[in-house]
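Examining the three-dimensional arrangement
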Amino acid sequence: MPTPPETTSLPTTAVTAPAGLKAVDKETTAGVLFGFGAYGLWGLLPLYFFALMPAGAVEIVANRVVWSLIFCVLLITVTRSWRALAAAFRDRSVFGTLAIAAALIAVNWLTYTYGVTTGQAVEAALGYFINPLVSVLLGVFVLKERLRPLQWAAVGIGFVAVGVLTVSYGKLPWIALTLAFSFGLYGFVKKRVGPKVDAVTSLSVETIVLAPIAAATMVFLGVSGSATLASQGPGHFWLLVASGVITAVPLLFFGASARRLPMTTIGLLQYVAPLLQFIVALVVFQEAMTASRWIGFGVVWLALLVLTVDMLRMAGKNSRARKRARTS
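Just so we're clear, the structure is a prediction, and the values are computed from it rather than from any experiment.

For the protein, the helix and strand inventory stands at 14 helices and 0 strands. Starting at the N terminus and walking to the C terminus, you meet the elements of the protein as α-α-α-α-α-α-α-α-α-α-α-α-α-α. In terms of its C-alpha atoms, the protein occupies a principal-axis envelope of roughly 80 × 50 × 45 Å. A total of 328 residues make up the protein; the buried ones form 44% of that total. For the protein, contacts bridging at least 24 residues in sequence account for 84% of all contacts bridging at least 6. Of the roughly 17400 Å² of accessible surface on the protein, a fraction of 71% belongs to carbon and sulfur atoms.

Listed below in structure tokens is the structure:
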């Protein structure tokens, strides 16, 4: 509670400092809330896909692309961002990179939706648990980065986990691995674009690239009688149309969070989505988890714990180094 003006006798500098701290705290709080909003919505996506049944993965993703594009067009019009979109198309390096990103996210969406709609939501959640380990591997093989000892330990434990889960499932957990690598590569490709495009422009370019294929797919499903868009009642129709908003809003929340929070905090928040997906798969969908699968997931979580400890240690070292640089 702030001190009433009549009882304040502190110098001006002492009064203004807390106000600055409060502004920082307010931004941090907003960033955390936006982050939980983004990852929370992503974590609850299985419930949305379950509500869309009997629509299959291909129809859901096709609708998701088309309605996302319409939502993005409206958003760009409201924010007057047509120049930024045009600039992205004129820059060949930006457009080419985003076209690759579009292909990767299409693979990711199709695989994830297929996993959820075929009773394999647990394995789909596993893919996003593994994703941070894949990002570390990409750093080694693509960016030629040198790993720290704890990072090597986390990757090694991750390989053990995949082995245990392969034995448990009786096959390679291809849904989880496809999700982890497609999303890891997607993040890597998007980083190459960097600050050249904002979240809305990026999503718009990606959906424009995918829209012709998505629209053709919707037409094919409609002609062949396989589409559910107009055959399951108005509720189902509007749920599919809402996929545009449901796709775009978490991305906007994530962008707002990333601008306000350090990468360490974002790195910790990313576990919210697969954790929620895992809980939904067990509690709502009641998917089976054998003892060997629990062991496999436990090994994955151990790898993530090691990776998180390393991330927090490095963040602490970097923070202390910056403080020493400021005081020297």
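There is more to say after this.
Moving on: the side chain of R64. Inspection of the secondary structure assignment puts R64 in helix α3 (residues 57–79). E206 is the oppositely charged side chain nearest to the buried, salt-bridge-free R64, at an N-O distance of 10 Å. At 2.8 Å, the side chain of R64 forms a polar contact with the side chain of T247. Those residues in contact with R64 that lie beyond four places of it in its chain are L45, F49, W109, S243 and T247.

Applying the stated criterion across every chain, the model contains 4 salt bridges. Across the salt bridge formed by K171 and E123, the nearest N and O atoms sit 3.7 Å from each other. One end of the pair, K171, is in the loop between α7 (149–169) and α8 (174–193); the other, E123, is in helix α6 (residues 121–141), with 48 residues separating them in the sequence. On the basis of relative accessible area, K171 is assigned to the partly exposed category, the value being 33%. The partner of K190 in a salt bridge is E206, with the nearest N and O atoms 2.6 Å apart. You can see K190 sitting in helix α8 and its partner E206 sitting in helix α9 (residues 199–224), a full 16 residues away along the chain. Using a relative accessible area of 24% as the deciding quantity, one classes K190 as partly exposed. Looking at E206, the relative accessible area reads 3%, which means it is buried.

A cluster of like positive charges, contributed by R313, K317, R320, R322, K323, R324 and R326, occupies part of the molecular surface. Looking at the secondary structure, you find R324 in helix α14 (residues 291–327). The class of R324 is exposed, set by a relative accessible area of 53%.

To continue, consider the nonpolar core. With 73 residues, the main nonpolar core has F49, Y112 and F297 as its most contacted residues. Looking at which element gives the most residues to this core, the answer is α6, with 14 residues. Excluding residues within four positions of it along the chain, F297 makes contact with V122, L126, F129, L165, Y169, F278 and M289. Core analysis: the next-biggest nonpolar cluster, separate from the first, contains 10 residues, L85, A88, V94 and V200 among them.

Turning our eyes to something else, we now look at the packing of helix α4 (residues 82–90) against α9. For the pair α4 and α9, interaxial distance at closest approach is 10 Å and the crossing angle is 55°. Considered as vectors, α4 and α9 are oriented oblique to each other. By crossing handedness, the relation of α4 to α9 is classed as right-handed. Across the interface between the two elements, A84, L85, A88 and F89 of α4 pack against T201, S204, V205 and I208 of α9. Residues that form the contact of α4 with α9 fall into these classes: 6 nonpolar, 2 polar and no charged.

Looking now at the packing of aromatic side chains. Across all of its chains, the model carries 20 aromatic pairs by this definition. Plain terms: the ring middles of F49 and Y112 are 5.9 Å apart, the flat faces sit at 65° to each other, and that makes the pair edge-to-face. In this pair, F49 is assigned in helix α2 (residues 45–51) and Y112 in helix α5 (residues 92–117), connecting sequence segments 63 residues apart. Accessibility expressed as a relative area gives 1% for F49, which makes it buried. Each ring, one from F237 and one from W238, has its centre 5.1 Å from the other, and the planes form 85°; the classification is edge-to-face. The exposure class assigned to F237 is partly exposed, which follows from its relative accessible area of 26%.

About the thresholds
- Residues numbered from 1 in each chain as written.
- Predicted model: local features only at pLDDT ≥ 70, side-chain atom pairs only at ≥ 80, totals over all residues.
- Heavy atoms only, no water.
- Helix = DSSP H or I, 4+ residues; strand = E, 2+ residues; numbered from the N terminus.
- Buried < 20%, exposed > 50% of the residue type's maximum accessible area, 1.4 Å probe, protein only.
- Contact = heavy atoms within 4.5 Å.
- Areas by Shrake-Rupley, 256 points an atom, 1.4 Å probe, with all protein chains shown as cover.
- Lys, Arg positive; Asp, Glu negative; His and termini not counted.
- Salt bridge = Lys/Arg side-chain N within 4 Å of Asp/Glu carboxyl O.
- Polar contact = N/O pair within 3.5 Å; in protein donor to acceptor, adjacent residues only side chain to side chain.
- Patch = residues over 30% accessible without salt bridge, like charges linked within 9 Å, V, L, I, M, F, W, Y side chains within 5 Å.
- Charge placed at Lys NZ, Arg CZ, Asp CG, Glu CD.
- Core = buried A, V, L, I, M, F, W, Y, C linked by side-chain atoms within 4.5 Å.
- Axes fitted to C-alpha atoms, helices over the stretch in contact; angles between N-to-C directions.
- Parallel < 35°, antiparallel > 145°, perpendicular 65-115°, else oblique.
- Left-handed = near helix turned anticlockwise from the far one by under 90°.
- Nonpolar A, V, L, I, M, F, W, Y, C, P; charged D, E, K, R; others polar.
- Phe/Tyr/Trp six-rings, centres within 6.5 Å; stacked < 30°, edge-to-face > 60°.

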